[in-house]
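# A look at the structure
Letter by letter, the chains look like this.
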Amino acid sequence: MACYFRRAIAEQVSQVLGVPAEKILHRVHAVPVHRKRPSADFQIFVKSVFDDPGDAAFYQEKTQKLLDKLVVDSVVSEFGLARGILTFKVNRPLLVKKVMHKIRQDGCRYGFSSELVSDFPKGLTLVEYSSPNIAKKFHVGHLRSTIIGNFIANLKEAAGNKVFRVNYLGDWGLQFGLLGAGFSKFGSEDKLKSNALQHLFEVYVKVNAAAEKDEEMKRSAQEFMRKLESGDPQALSLWTHFRGLSIEEYAKVYKRLGIEFDEYAGESFYREKSHDVLDLLRSKNILKITNEGTGVVDLTENGDQSAHSTVMRSDGTTLYITRDIAAAIDRMEKYNFDEMVYVTDKSQQTHFLNLFKILKMLEKDKVDRCQHVMFGRVQGMQTRRGDVIFLEDVLDEARSRMLQNMAKTDTSKTTENPEDTAEKIGVAALIIQDFKGQLQADYRFNWDEALQSCGDTGVFLQYTHARLQSLLTLWNTREEEDFSASCLQDPPAIATLQHLLRYDEVIYKTLKELQPRYLVAYLMGLGHLANVAHHSLHVKGSAPEVAHARLHFFNSIRVVLANGMKILGITPVDKM
Ligand code: ARG
């Protein structure tokens, strides 16, 4: 529908300038709404329409020509010029009708059904995220990977892609040697059954400490690892047991975040295939054996400083990167994905650059469709138990802090399931705090700031959604009935509808850069506009026709707000 207006504008401009309308279409932008003064609806930067750079006089002439020749019609009601930018105002009743009808018609596809977005290639997107290491800390980096990966998967799905969500667990390595060697001494089957993640971590810490002092323990850990590597059935069965219970536990915690994975893969899947990788590298003469006996791939480019990636230890065992090469090739063959996204912190940037280079050397062309989305470090994320060790602790912390805040306000006493509501709001607070800035930037986390109810927080978004929902429930609107556009001409309504016009452009930018902050900023803007409208456009006491139109209007806002929140990974609450 923004497209409807864009097209009408593009066609007029095309006729005057003799430039194809298709080209102009993407140059027509919805004007960001100004909080204090009314703005036009669309704008074109005249210069952007032409490929060849002209001089100032050239653009001045073209702009003047447009101003002379453009005509007011049933769609466009006004033209203007501000600092070289041509602005358009569209027919007011049409603006109201088109925006609201489109939202009603498209539902969660609103914004995504736009021509702008449909240009993005569709297909199978594999998103690999979260990927914690069993028996080790689930640190803040894993938390960020979890919520960012989920956001990307949701976004791609909304854009019409098929999405396959993979959790690539750190489920192999010396920690299992230690667990295998020390479980009989430090572990308990009961504790394992009641909370596998916590218990395995405890045991791991104890065995690790013991192995540092006790050579015997160290040797038996190495021995257990060797057994695992060689496929000893007994060792493998204990490993399977640990892994299985851990996954059950992870799944429960992810569920609290509304996250499910299509596959729990892991490094262990590739312990054999990573040896095939070595063979493949050998057969292509890419594997070099150093004097120390390690296997490396030379990644030196254009005679730059030499750069190597070690893919084999001197004892013949493989490394993290070798398993990643195997996993990438396996996924290319097994899933034949159209694109793959890895989500990890930026300390792994070189790892993924090297991985992609090696895949390129192996002529795996799909590597051009692989992308590493990275993020910065978070400081100060503490729970009452101290540093983040388990995802569960973060969620508990968010919930209990939010419950405390809710207890202070009397409105929330009526909430049926306060724990659940508190959790959803707490998670929203966490997500918004994390998604506000550029993903690659480091930032300092602050619970008090994140949990404020005003300001640009997740609590504010939840609060706005719940407010709109309560209003709608109270008045019990019927969606299918028509409404009169002339009842929605007040400035707060128009400003909000103008903002809704911009949604597809925001989605476009978000998809292009895979950065959630554009969507966050947009939803904050929508939230503020919704609250202004809520204050001034009363339903109670208005003429029935006006009340009816306003309810429709508030529902349109609610739908888009909820859609955007869900993409970010937030479950909107109806009451709080
Ligand atoms: N388990 C790894 C870690 O905690 C992250 C895995 C990232 N994915 C990958 N394909 N390497 O650092």
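Structural notes, computed from the coordinates.

## Quick look at the overall build of the protein
Along its length, the protein carries 22 helices and 16 strands. Projected onto the principal axes, the alpha-carbon positions of the protein cover approximately 85 × 65 × 35 Å. Here the protein holds 576 residues, and the buried ones make up 55% of them. Sequence-distant contacts, at least 24 apart, represent 72% of the contacts inside the protein between residues at least 6 apart. Charge separation in the protein, taken as the distance between the mean sites of 75 positive and 74 negative side-chain charges, equals 4 Å.

## Remarks on the sheet that holds strand 11 (residues 339-345)
Read from one edge of the open sheet, 5 strands run 7-6-5-11-12, paired in parallel fashion. At either end of the open sheet lies a strand with only one pairing partner, and these are strand 7 (263-266) and strand 12 (370-375). Taken over all neighbouring pairs, the strand axes of this sheet differ in orientation by 25° on average, direction set aside. Relative to strand 12, strand 11 runs parallel, the two being bridged by 6 bridges. Following the sheet pairing, Val341 is matched in strand 12 by Gln371. Contacts between helix 6 (residues 140-158) and the sheet are confined to strand 5 (124-128), strand 6 (162-169), strand 11 and strand 12, with strand 6 contributing the most and set at about 165° to the helix. Where helix 11 (residues 233-256) meets the sheet, it contacts strand 6 and strand 7, and its direction lies at approximately 130° from that of strand 7.

## Structural notes on the pairing of strand 9 (residues 295-298)
Two elements, strand 8 (residues 287-289) and strand 9, share 3 bridges in a ladder whose sense is antiparallel. By the bridge assignment, Lys288 is partnered in strand 9 with Val296. Counted along the chain from strand 8 to the antiparallel partner strand 9, the turn is 5 residues long, and its residue Gly293 has a positive phi close to 90°. Note that strand 9 and strand 10 (residues 308-312) share 4 bridges and pair antiparallel. Paired with Val297 across the two strands is Ser309, which belongs to strand 10.

## Focus: the side chain of Asn150
The topology assignment puts Asn150 in helix 6. Owing to a relative accessible area of 5%, Asn150 belongs among the buried residues under this scheme. Discounting residues that sit within four places of it in the chain, Asn150 has contacts with Tyr129, Arg165, Ile259 and Gly569.

## Section: the sheet that holds strand 10
With antiparallel pairing, 3 strands are arranged side by side in an open sheet as 8-9-10. Both edges of this open sheet fall to strand 8 and strand 10, since each of them pairs with a single strand only. Here the strands of the sheet are splayed against their neighbours by 40° on average, with no regard to which way each runs. The strands that helix 12 (residues 273-283) touches are strand 8, strand 9 and strand 10; relative to strand 10, the one it contacts most, it runs at about 125°.

## What to know about the packing of helix 4 (residues 92-106) against helix 22 (residues 544-568)
Relative to each other, helix 4 and helix 22 sit at 55°, their axes nearing to 10 Å. Taken as axis vectors, helix 4 and helix 22 run oblique relative to one another. You can see that helix 4 and helix 22 cross each other, and the crossing is left-handed. In this structure, helix 4 contributes Met100, Ile103 and Arg104 to the contact, and helix 22 contributes Ala549, His552, Phe553, Ser556, Val559 and Val560. For the contact of helix 4 with helix 22, a count of residues per class yields 6 nonpolar, 2 polar and 1 charged.

## Considerations on the site of the ligand
The environment of the ligand is made up of Glu128, Ser131, Asn133, His142, Tyr168, Tyr320, Asp324, Tyr342, Thr344, Gln348 and Phe352. One of the side-chain nitrogen or oxygen atoms of Asn133 is found 2.7 Å away from a nitrogen atom of the ligand. Its free accessible area being 350 Å², the ligand has 90% of it covered by the protein chains. Elements that contribute at least two residues to the shell around the ligand include exactly helix 13 (320-335) and strand 11. Counted by class, the shell around the ligand contains 4 nonpolar, 5 polar and 2 charged residues.

## A closer look at the nonpolar core
Formed by 164 residues in total, the largest nonpolar core has its most connected members in Met381, Phe553 and Leu568. Of all the elements, helix 22 adds the most residues to this core, at 13 residues. Dropping the residues within four chain positions of it, Phe553 is found in contact with Met100, Leu488, Pro492, Ala493, Thr496, Leu497, Ala533 and Leu537. Core analysis: the next-biggest nonpolar cluster, separate from the first, contains 35 residues, Leu126, Val166, Leu278 and Ile329 among them.

Each value, and the rule that gives it
Residues numbered from 1 in each chain as written. Predicted model: local features only at pLDDT ≥ 70, side-chain atom pairs only at ≥ 80, totals over all residues. Heavy atoms only, no water. Helix = DSSP H or I, 4+ residues; strand = E, 2+ residues; numbered from the N terminus. Buried < 20%, exposed > 50% of the residue type's maximum accessible area, 1.4 Å probe, protein only. Contact = heavy atoms within 4.5 Å. Lys, Arg positive; Asp, Glu negative; His and termini not counted. Charge placed at Lys NZ, Arg CZ, Asp CG, Glu CD. Pairing = 2+ DSSP bridges. Axes fitted to C-alpha atoms, helices over the stretch in contact; angles between N-to-C directions. Parallel < 35°, antiparallel > 145°, perpendicular 65-115°, else oblique. Left-handed = near helix turned anticlockwise from the far one by under 90°. Nonpolar A, V, L, I, M, F, W, Y, C, P; charged D, E, K, R; others polar. Near = heavy atom within 4 Å. Polar contact = N/O pair within 3.5 Å; in protein donor to acceptor, adjacent residues only side chain to side chain. Areas by Shrake-Rupley, 256 points an atom, 1.4 Å probe, with all protein chains shown as cover. Core = buried A, V, L, I, M, F, W, Y, C linked by side-chain atoms within 4.5 Å.

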